[in-house]
Amino acid sequence: MQQTTGVPRKPSLPSRLLKQWEIQLMALCGIVFILVFCYLPMFGIVIAFKKADYSVNLMKSLSEAPWVGWAYFKEFINDYQFRDILFNTIGLNLLQLVINFPAPIIFAILINEIANKRYKRFVQSITYFPHFISWIVFGGIVINMLSVESGMVVPLLMKLGIIDEPVSFLGEAGAFWGLIIITSLIKGLGWGSIIYLAAITSIDPTLYEAATIDGAGRFRRIWHITIPSISGTIIVFFLLSVSNLLNSSFDHIWVFQNPLNLERSEVIDTFVYKMGITQMRYSYTTAVGLFKSAVALILLVTGHLISKRVAGRGIF
């Protein structure tokens, strides 16, 4: 007679899928979305290696246009604007990485330390609100506020003695990076802190209680408990930010860009839009986009390997 071991039999795959059909359906929607909008368009990458600029029928060009190899990649690297565009893209994103990346982490820690729940919810609501305003609307508000003729910022700075005469911040190329950093902080600080607040709330409260009994103050509890406990989340988002060093928020840059600040506002994304849409240089801009994606992949893999070796954690 066969003896039973008492170990429960694992349900079959179809039964598990049927039992969790709601969750599986949600996951399936996400997979379909990624396939349609991320993987299927990758077939168009072939245009970067074909002569399809100024083509009216791109689908026909995919099969009939002559191959040109790496010609468009070489053209972009040898372009007289290449250095300035690359400098603006990397420089602006590096500054945002140094300033804007730690800001939501610090803000989440500060929010978590607020004891008054009503005040805490009020601060969260105020800081979350700008995220739901489009960059076109938000940018229009900022442009009106910075206007020399009708804005309130320039007169206020003059009264405070910070500036001696009216300054057109939108027309100064040197002020563009600061404008982008400040506006992105205002718009994204609260929303960016949500994931870190969620990670903080999952920390075992007994750790804080034990640290308090041992005489640890608020700063020591933050330094020795909060930050190490959310370090995994921080590392993942840091690596993703590093891989996006060549990606800029197009609508954010575009709304503040004008001919006066073009020297410091032209980045790869705006350059691709102007060359691809307005000048119909489809192959050239596809090559530029592929170049940017390849660099992002290299940065992501390199950052992951370094993080695994140094911190013992990475993307996966």
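Draft legend 1. Spatial organisation of helix H4 (residues 71–78). Those residues of H4 not exposed but buried are Tyr-72, Phe-73 and Phe-76. Angular distribution of buried residues about the axis of H4 spans 105°; they occupy a single face of the element. Turned more than 90 degrees away from the buried face of H4, the exposed residues are Lys-74 and Asn-78.

Draft legend 2. Summary view of the packing of helix H6 (residues 102–112) against helix H10 (residues 176–192). The N-to-C vectors of H6 and H10 enclose an angle of 50°; their axes lie 8 Å apart at closest approach. Taken together, the axes of H6 and H10 are oblique relative to one another. Our pair here, H6 against H10, has a crossing hand that is right-handed. Each of Ala-103, Pro-104 and Phe-107 in H6 lies in contact with H10, whose residues at this interface are Leu-185, Leu-189, Gly-190 and Gly-192.

Draft legend 3. Main features of H6. For H6, the complete set of buried residues consists of Ala-103, Pro-104, Ile-105, Phe-107, Ala-108, Ile-109 and Ile-111. If you follow the buried residues of H6, they end up packed against helix H5 (82–99), helix H7 (117–128), H10, helix H11 (194–201), helix H13 (218–229) and helix H14 (231–243).

Draft legend 4. How the structure looks around the pattern of salt bridges. Going through the model one piece at a time under the given rule, you end up with six salt bridges. Taking the shortest distance from any N to any O, the salt bridge between Glu-113 and Arg-218 comes out at 3.1 Å. Of this pair, Glu-113 sits in the loop between H6 and H7 while Arg-218 sits in helix H13, placing them 105 residues apart in sequence. The exposure class of Glu-113 is partly exposed, given its relative accessible area of 22%. With its nearest N and O atoms 3.1 Å apart, the salt bridge here joins Glu-266 to Lys-274. Looking at Glu-266, the relative accessible area reads 8%, which means it is buried.

Draft legend 5. Quick look at unusual backbone geometry. Of note, the phi angle at Tyr-54 is positive, near 65°, even though the residue is not glycine. By the element assignment, Tyr-54 lies in the loop between helix H2 (21–39) and helix H3 (58–64). Classification of Tyr-54 by relative accessible area gives exposed; the value is 52%. Even without glycine at this site, Met-280 takes up a positive phi of about 60°. You can see Met-280 is positioned in the loop between helix H17 (268–278) and helix H18 (282–310). Judged by relative accessible area, which is 32%, Met-280 ranks as partly exposed.

Draft legend 6. Summary view of the environment of Ala-294. For Ala-294, the location among the structural elements is in helix H18. Residue class for Ala-294 comes out partly exposed when judged on its relative accessible area of 38%. Sequence spacing of Ala-294 and Ser-243 is 51 residues, and the spatial spacing of their C-alpha atoms is 10.0 Å.

Draft legend 7. Geometry of the nonpolar core. In this structure, Phe-101, Ile-105, Tyr-196, Ile-200, Ile-203, Ile-230 and Ile-234 are the most contacted members of the largest nonpolar core, which totals 23 residues. Within the residue set of this core, elements represented by two or more residues are H6, H7, H11, helix H12 (205–213), H13 and H14. Top contributing element to this core by residue count: H6, with five residues. Among residues more than four places away in sequence, those in contact with Ile-230 are Ile-105, Ala-199, Ile-200 and Ile-203. In terms of nonpolar packing, the next biggest core, distinct from the first, is built from 15 residues, Leu-92, Leu-146, Leu-170 and Leu-179 among them.

Draft legend 8. Molecular detail of the environment of Ser-15. Residue position: Ser-15 is located in helix H1 (residues 13–19). Looking at Ser-15, the relative accessible area reads 32%, which means it is partly exposed. Between the C-alpha atom of Ser-15 and that of Ile-182, which follows or precedes it by 167 residues, the distance is 53 Å.

Draft legend 9. A look at the packing of aromatic side chains. Across all of its chains, the model carries 19 aromatic pairs by this definition. Seen from their ring centres, Phe-76 and Phe-291 are 5.8 Å apart, and the 65° between their planes marks the pair as edge-to-face. Here Phe-76 is found in helix H4, whereas its partner Phe-291 is found in helix H18, with 215 residues between them in sequence. Among the residues examined, Phe-76 registers a relative accessible area of 3% and is labelled buried. Taking the relative accessible area as the measure of exposure, Phe-291 reaches 21% and is therefore partly exposed.

Reading guide: rules and limits
Residues numbered from 1 in each chain as written. Predicted model: local features only at pLDDT ≥ 70, side-chain atom pairs only at ≥ 80, totals over all residues. Heavy atoms only, no water. Buried < 20%, exposed > 50% of the residue type's maximum accessible area, 1.4 Å probe, protein only. Helix = DSSP H or I, 4+ residues; strand = E, 2+ residues; numbered from the N terminus. Arc of directions from axis to C-beta. Axes fitted to C-alpha atoms, helices over the stretch in contact; angles between N-to-C directions. Parallel < 35°, antiparallel > 145°, perpendicular 65-115°, else oblique. Left-handed = near helix turned anticlockwise from the far one by under 90°. Contact = heavy atoms within 4.5 Å. Salt bridge = Lys/Arg side-chain N within 4 Å of Asp/Glu carboxyl O. Core = buried A, V, L, I, M, F, W, Y, C linked by side-chain atoms within 4.5 Å. Phe/Tyr/Trp six-rings, centres within 6.5 Å; stacked < 30°, edge-to-face > 60°.

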